Structures are given as C-alpha cells and as structure tokens.
Amino acid sequence: MFDYEHLNKAFRLLLNGAKLIGIHKAKFYRRKDGLAMGPGAFLSALEFSSGTKAEIVGKPSKDFFLSSISEFDVLPEECVMIGDDANDDIQGAFNAGFQGILVKTGKYRENSEQLLSKKLLLLADNFTQAVDYLLLNN
C-alpha cells in the first residue's frame, strides 16, 4: 500500500543514510482507466525533502540506455529507440547518443516532441510504421 505514512517512512530512512534507488523516473504511465502519476514525482519529493539524489537504474538514465548495447559492437549513434514517451524514452535515448522514433500510441502526448533536444528520425503513428521506416532506410 502506498500512502503518506509510507512516503514519510522512506524520507526518514533517507535521513538516516539509506540510498534512494528508482527503477525509473517517469512522469506518468498509462493504466486501463487513463494516465496516472508515475514514480518520478515521488522520487523528486524524496530527493527534495531529504537532500539526497536518487540513483535511477532505468529510463531515462543514460547508463540504462548504454547498458542495452554494451554487449554489441555498435556505437550509440547507430542505435534507435522507438518509444511512446518523449521524455523517458526518446530524450533519455538522445542523452545517451541514440537516435529516436516517437510513436503516437500508449503514453504519447500531443506535441510532446516539441520539447525534445534533437530532431526525431520519425514521428510514427504506431510501432509497425516505425519498424517499416527503419527497414526501408537501413
């Protein structure tokens, strides 16, 4: 169960030296009933209140993206992230040197691509269109 008391308990643990580790720092995610707040807001609250910095082991961490290609003989700029979240999927990939294709499905928010630091390879209607684009332009 998640509530204020549990959040405050985590805050007190951090004040006593515990490490703050987050699986990801997403702003929101999609549930069956619509968008819902993601863990990013709660991690940010704990960071702010405790004065600690969370170690993010998933998206949008640069290390997360680089670890995905560490076994292969490829450079980051040769890799493409296909995702539906402009910040966590695409901007995270851009920060690691990847290219990006944003798909207008799932968590996609209208015009979210305008906040990106680099130009997308493609703004695709769906995953199939993204893959077809890569196959045609390889």
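Please refer to the structure placed before this passage.
Below is a short write-up of the structure. Source: prediction; values computed, not measured.

### Description of a nonpolar patch on the surface
Taken together, Ile21, Ile23 and Val57 make up a surface patch of nonpolar side chains, about 290 Å² in accessible area. Mapped onto the elements, isoleucine 21 comes out in strand β1 (residues 21–22).

### Some thoughts on the packing of aromatic side chains
Enumeration according to the criterion identifies 2 aromatic pairs in this entry. For the pair phenylalanine 64 and phenylalanine 65, a centre-to-centre distance of 5.4 Å together with 85 degrees between the ring planes defines the contact as edge-to-face. Taking 5.8 Å as the distance between ring centres and 75 degrees as the angle between the ring planes, the aromatic pair formed by phenylalanine 65 and phenylalanine 98 counts as edge-to-face. Taken as a pair, phenylalanine 65 in helix α3 (residues 62–67) and phenylalanine 98 in the loop between α4 (86–95) and β6 (99–103) lie far apart in primary sequence, 33 residues in all. Per residue, the accessibility class of phenylalanine 65 equals that of phenylalanine 98, and both read buried. Members of the aromatic cluster, connected to one another through ring pairs, are Phe64, Phe65 and Phe98.

### Some remarks on the nonpolar core
In this structure, Phe65, Ile90, Phe98, Leu102, Leu116 and Leu120 are the most contacted members of the largest nonpolar core, which totals 14 residues. Broken down by element, this core gets its largest block of residues, 4 residues, from α4. Discounting chain neighbours no more than four positions away, the residues touching leucine 116 are Ala86, Ile90, Gln91 and Phe94.

### Things to note about the sheet that holds strand β7 (residues 122–124)
The strand order β5-β6-β7 describes an open sheet built from 3 strands, whose pairing is parallel. Looking along the sheet, the strands with just one partner apiece sit at the ends: β5 (80–83) and β7. Across the sheet, the mean angle separating the axes of adjacent strands is 20 degrees when strand polarity is ignored. Taken strand by strand, α4 contacts β5 and β6, and its axis lies near 165 degrees from that of β6.

### Thoughts on the environment of isoleucine 21
Sequence separation of isoleucine 21 and isoleucine 90 is 69 residues, and the distance between their C-alpha atoms is 22 Å. Setting aside anything within four residues of it in sequence, one finds isoleucine 21 in contact with Glu55 and Val57.

### Thoughts on helix α1 (residues 4–15)
Here α1 contains 12 residues, and its C-alpha end-to-end distance of 16 Å stays within 8% of the 16 Å for a straight helix at 1.5 Å per residue. For α1, the set of buried residues is Leu7, Asn8 and Leu14. End-on, the buried residues of α1 take up no more than an arc of 115 degrees, which puts them together on one face. Set apart from the buried face of α1 by more than 90 degrees, the exposed residues are Glu5, Lys9 and Arg12. Along its buried surface, α1 packs onto α2 (39–50). Here α1 starts with a cap whose side-chain oxygen sits 3.2 Å from the backbone nitrogen of glutamate 5, and that cap is aspartate 3. Directly after α1, the chain includes glycine 17, whose backbone phi takes a positive value near 105 degrees.

The rules behind the values
Residues numbered from 1 in each chain as written. Predicted model: local features only at pLDDT ≥ 70, side-chain atom pairs only at ≥ 80, totals over all residues. Heavy atoms only, no water. Patch = residues over 30% accessible without salt bridge, like charges linked within 9 Å, V, L, I, M, F, W, Y side chains within 5 Å. Areas by Shrake-Rupley, 256 points an atom, 1.4 Å probe, with all protein chains shown as cover. Salt bridge = Lys/Arg side-chain N within 4 Å of Asp/Glu carboxyl O. Helix = DSSP H or I, 4+ residues; strand = E, 2+ residues; numbered from the N terminus. Phe/Tyr/Trp six-rings, centres within 6.5 Å; stacked < 30°, edge-to-face > 60°. Buried < 20%, exposed > 50% of the residue type's maximum accessible area, 1.4 Å probe, protein only. Core = buried A, V, L, I, M, F, W, Y, C linked by side-chain atoms within 4.5 Å. Contact = heavy atoms within 4.5 Å. Pairing = 2+ DSSP bridges. Axes fitted to C-alpha atoms, helices over the stretch in contact; angles between N-to-C directions. Expected span 1.5 Å × (residues − 1). Arc of directions from axis to C-beta. Polar contact = N/O pair within 3.5 Å; in protein donor to acceptor, adjacent residues only side chain to side chain.

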